[in-house]
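Overview (structure and organization)
Below, each chain spelled out in residue letters.
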Amino acid sequence: MSKKLIKKAVIPAAGLGTRFLPATKSVPKELLPIVDMPTIQLIVEEIASSGIETVILITSKGKASIADHFDVNSDLHKKLLEDGKHELAAKLKETSEMVNVVTVRQGVPRGLGHAVLCARDLIGDEPFAVLLGDDLVDSKIPCTKQMIDVYEKYNKSVVALMEVEERDVSKFGICGGTDLEENVLELNKMIEKPAPDIAPSKLAIVGRYILEPKIFEILESTDPGTGNEIQLTDAMSKLMASDGFLGYKFKGERFDAGDKLGFVKANINFALKRPEIAPHLVEYMKKCIK
Ligand code: UTP
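Residues numbered from 1 in each chain as written. Predicted model: local features only at pLDDT ≥ 70, side-chain atom pairs only at ≥ 80, totals over all residues. Heavy atoms only, no water.

This part takes up the overall build of the chain. Along the backbone of the chain there are eleven helices and 13 strands. Over its C-alpha atoms the chain spans a radius of gyration of 19 Å, differing by no more than 12% from the 19 Å that the globule rule assigns to 290 residues. Counting every position in the chain, which comprises 290 residues, the buried fraction comes to 49%. Look at the contacts in the chain between residues 6 or more apart in sequence, and 77% of them connect residues 24 or more apart. Surface accessibility of the chain: about 15000 Å² in total, with carbon and sulfur atoms responsible for 53%. If the 39 positive side-chain charges of the chain are averaged to one point and the 43 negative ones to another, these points end up 3 Å apart. (Helix = DSSP H or I, 4+ residues; strand = E, 2+ residues; numbered from the N terminus. Rg over C-alpha atoms; globule rule 2.2 N^0.38 Å. Buried < 20%, exposed > 50% of the residue type's maximum accessible area, 1.4 Å probe, protein only. Contact = heavy atoms within 4.5 Å. Areas by Shrake-Rupley, 256 points an atom, 1.4 Å probe, with all protein chains shown as cover. Lys, Arg positive; Asp, Glu negative; His and termini not counted. Charge placed at Lys NZ, Arg CZ, Asp CG, Glu CD.)

Structure representation (structure tokens):
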């Protein structure tokens, strides 16, 4: 059987971002900076370095500036060159050239499952990646690349998993399954936000998926679930029952940049990797915790 390559990635970024109000009243959370990089740029860099060339951005009212970020701003480029800021000009141009960005609007925020369904016509009959617009993974090998390798080995949909504390299981989709090899599980359960006493494990779904296109026909017939939203986890659970589904414990650290504490942690993590900032930040933090 010929290998089905992952050529497209979907970034659902149409959510309301209510956990981050008032900052997100008029600025999309996906553009809030991690040091000086918008969250979404770090996600698009992960996509590009995983070998994917097309990004389908799901946006909504008030979020057009996310797509603008990936356009070339000719006036700005010219001004930076005139001012002798060649390195910065080149960096901004590189951002625009990383991938092709196509946008689709989700008219009403009917849930993550519905946001993914909005990409159906642009994906067609191919497997594809999904990366949530507020989930960051810092890793040596891009998380999406790690998952593509698992997909290509087994030819089955894959979801990224991370172990969480027992008290936190009711905040996530939780999976159960049996080990296939180190870090890869054949899944037999997926439950959205279970109470701790019915959670099948402490393995939580995080915002990275490789999905077979069959997910679209399942999503189309999936009724709204938790929070009256069309839940991606419900559709994935049906795909698991018919075609099988893998869980992959990725190597790296994940940050929920759509959550206040997660956002601050992401900023500290990425700032500590910047030589021009790190020593000053460490010194400052030492002073703060005295
Ligand atoms: P979240 O629940 O984390 O995002 O959805 P949210 O709804 O923006 O955030 P809060 O809870 O109100 O603060 C996970 C991902 O799914 C996208 C979001 O943009 C986020 O990337 N999403 C969610 C959509 O694209 N459409 C939706 O209808 C819901």
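Around the ligand lies a shell of 19 residues, among which Gly17, Thr18, Arg19, Gln106 and Gly111 are the nearest. Taking Pro12, its main chain carries an N or O atom lying 2.9 Å from an oxygen atom of the ligand. One of the backbone N or O atoms of Ala14 is found 2.9 Å from an oxygen atom in the ligand. Along the lines of polarity and charge, the residues of the shell around the ligand split into eight nonpolar, six polar and five charged. (Near = heavy atom within 4 Å. Polar contact = N/O pair within 3.5 Å; in protein donor to acceptor, adjacent residues only side chain to side chain. Nonpolar A, V, L, I, M, F, W, Y, C, P; charged D, E, K, R; others polar.)

Attention now moves to the environment of Ser65. Mapped onto the elements, Ser65 comes out in helix H2 (residues 64-68). On the accessibility criterion, Ser65 (30% relative accessible area) is partly exposed. Residues Ser65 and Leu80, spaced 15 residues apart in sequence, show a C-alpha to C-alpha distance of 21 Å. If we skip the residues at most four places from it in the chain, Ser65 touches Pro28 and Leu31.

Attention now moves to the side chain of Ser157. Tracing the backbone through its elements, the reader meets Ser157 in strand E8 (residues 157-163). A distance of 3.1 Å separates a polar atom in the side chain of Ser157 from the backbone nitrogen of Glu212. If we skip the residues at most four places from it in the chain, Ser157 touches Tyr151, Ile210, Leu211, Glu212, Leu239, Phe245 and Leu246.

It is worth spelling out the nonpolar core at this point. One finds Ile11, Ile40, Ile47, Leu136, Val158, Ile210 and Phe250 to be the most contacted residues of the largest nonpolar core, which totals 50 residues. Discounting residues that sit within four places of it in the chain, Ile47 has contacts with Ala9, Ile11, Ile52, Val55, Val99 and Leu131. Membership of the second largest hydrophobic core comes to 34 residues, among which are Val116, Phe128, Leu132 and Cys175. (Core = buried A, V, L, I, M, F, W, Y, C linked by side-chain atoms within 4.5 Å.)

It is worth spelling out a nonpolar patch on the surface at this point. A cluster of nonpolar residues, Leu76, Leu88 and Leu92, forms a patch on the protein surface that exposes about 230 Å² of accessible area. Along the polypeptide, Leu92 turns up in helix H4 (residues 86-97). According to the relative accessible area criterion, Leu92 is partly exposed, its value standing at 36%. (Patch = residues over 30% accessible without salt bridge, like charges linked within 9 Å, V, L, I, M, F, W, Y side chains within 5 Å. Salt bridge = Lys/Arg side-chain N within 4 Å of Asp/Glu carboxyl O.)

With that settled, the discussion passes to the packing of aromatic side chains. Enumeration according to the criterion identifies three aromatic pairs in this entry. Measuring from ring centre to ring centre gives 5.1 Å for Phe20 and Phe263, while their planes differ by 85°; the resulting arrangement is edge-to-face. Placement of the pair is Phe20 in the loop between strand E1 (8-12) and strand E2 (33-34) and Phe263 in helix H10 (residues 260-271), with a sequence separation of 243 residues. Like Phe20, the residue Phe263 is buried in the burial classification. (Phe/Tyr/Trp six-rings, centres within 6.5 Å; stacked < 30°, edge-to-face > 60°.)

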